[in-house]
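Breakdown of the fold
Listed below are the residues making up each chain.
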Amino acid sequence: MGTVTSPGTSPGTGPGPSPAPAPGPKQARSRVTRRHLLDAAVSCLAEHGWAGSTVAVVAERAGVSRGAAQHHFPTREDLFTAAVEYVAEERSTALRELFQAGPADRAAVVEALVDMYTGTLFRAALQLWVAASNEEQLRPRVSELEARVGRETHRIAVELLGADESVPGVRETVQGLLDMGRGLGLANVLTDDTARRARVVAQWARILDAALG
């Protein structure tokens with residue numbers, strides 16, 4: 001007597017894996033709450049600094065209870081490092097999508113890369129760096145986060161600029177651009193540095209054209 005198999009299976013095999021269940025309303029609400037907390041944390045950090053950004057302040061801004069916030073992020077350090085990482089990932093995705101149609105004008109790429117250091121995320125990250133310089137508990141987490149975000153930003157810059165890092169000096173040139181962008185971001189924290197930044201960006205685009213070919 002032959003082996004009886006279920007429809008859609010082969011002899012000697014069991015039924016295939018069941019499809020993953022669709023997320024239920026509770027899971028969807030949890031994701032929305034988490035995203036609201038992360039967005040609120042970055043805004044609070046950028047506006048009020050580390051000292052003025054507590055879990056309670058963030059929870060109120062996000063429209064959730066403090067208990068709900070601590071359910072997602074048990075400590076203050078968990079909340080703010082996750083927030084900066086989350087928005088950095090969103091920023092990286094947006095930057096890639098901006099130039100997904102193919103090779104772009106190098107000056108436009110340089111401008112977009114520099115702009116990463118002039119918005120709310122950079123201000124929030126700056127506050128986190130300052131706090132980490134004074135708080136031993138926070139420092140290793142922020143150092144690890146900064147290294148990870150820095151590597152990803154460098155990869156994106158190399159990709160968008162069409163840079164060949166096997167050529168001596170190219171890697172350092174790209175890193176110099178990102179370091180320059182960070183410096184321009186710092187200058188912009190205190191005053192509107194738009195006009196000077198535009199001239200510097202134009203000059204760096206010319207430098208990169210000469211260095212990268």
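Residues numbered from 1 in each chain as written. Predicted model: local features only at pLDDT ≥ 70, side-chain atom pairs only at ≥ 80, totals over all residues. Heavy atoms only, no water.

The next thing to look at is the pattern of salt bridges. The full count for this structure, using the stated rule, is 13 salt bridges. Between Asp78 and Arg141 there is a salt bridge, and its shortest N-O distance comes to 2.7 Å. One end of the pair, Asp78, is in helix α4 (residues 76–98); the other, Arg141, is in helix α7 (residues 139–161), with 63 residues separating them in the sequence. Look at Arg141 and you get partly exposed, because its relative accessible area is 33%. Here Arg106 makes a salt bridge to Asp209, at a shortest N to O gap of 3.0 Å. Taken together, the residues span a long stretch of sequence, with Arg106 in helix α5 (residues 106–115) and Asp209 in helix α9 (residues 194–212) at a distance of 103 residues. Exposure remark for Arg106: the relative accessible area of 14% places this residue in the buried category. Among the residues examined, Asp209 registers a relative accessible area of 41% and is labelled partly exposed. A single network of salt bridges, built from pairs that share partners, joins Arg96, Glu152, Arg155 and Glu159. (Salt bridge = Lys/Arg side-chain N within 4 Å of Asp/Glu carboxyl O. Helix = DSSP H or I, 4+ residues; strand = E, 2+ residues; numbered from the N terminus. Buried < 20%, exposed > 50% of the residue type's maximum accessible area, 1.4 Å probe, protein only.)

Functional significance is not addressed by these values, which are geometric in nature.
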